[in-house]
Amino acid sequence: MDDSALERVSARASDAVPMIDGVEVASFREVVQRLRDDFPEEDPLHVEAVVLREWEAFSAGRPLVVPTAVEEGAREILDQPLV
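Now for a quick tour of the structure. (Residues numbered from 1 in each chain as written. Predicted model: local features only at pLDDT ≥ 70, side-chain atom pairs only at ≥ 80, totals over all residues. Heavy atoms only, no water.)

1. Regarding the packing of helix α2 (residues 28–38) against helix α3 (residues 44–59)
Just so we agree on the cut-off: Simply put, an axis is a line fit to the C-alpha atoms, just over the touching stretch for a helix, and the angle between two N-to-C directions goes from 0 to 180 degrees. Helix numbers and strand numbers start at the N terminus; a helix is a DSSP run of H or I with at least 4 residues, a strand a run of E with at least 2. To sort the angles, those under 35 degrees are grouped as roughly parallel, those over 145 as roughly antiparallel, those from 65 to 115 as roughly perpendicular, and the leftovers as oblique. When the near helix sits turned anticlockwise from the far one by under a right angle, the crossing is termed left-handed; a clockwise turn instead gives a right-handed crossing. The contact definition used throughout considers only heavy atoms, calling two residues in contact when any of these lie within 4.5 Å. Under the scheme applied, nonpolar residues are Ala, Val, Leu, Ile, Met, Phe, Trp, Tyr, Cys and Pro; charged residues are Asp, Glu, Lys and Arg; polar residues are all the others, including Gly.
At their nearest, the axes of α2 and α3 sit 10 Å apart, and the two run at 130° to each other. In terms of orientation, α2 and α3 fall into the oblique class. Relative to α3, the crossing made by α2 is right-handed. Contacts between α2 and α3 pair F28, V31, V32, L35 and R36 from the former with P44, V47, E48, V51 and L52 from the latter. Across the contact of α2 with α3, the residue classes break down as eight nonpolar, no polar and two charged.

Written out as structure tokens, the structure reads:
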């Protein structure tokens, strides 16, 4: 392992990692950027596709988090009277 790779790993290990429901999380953009930095020879679209495939495998299609606007939209729908 070269020194620059060691510094990247050390810097990440010391970062606070957010957790949601006991699962460590990071933004999609951050994950893709770190992988693009670590694998510069890979096509950026391929990197994104790999991350999306892994997310689907991990989550089974059920989101761990949703934007708060999703809840707001769901409330608007649920507030509608039944027809």
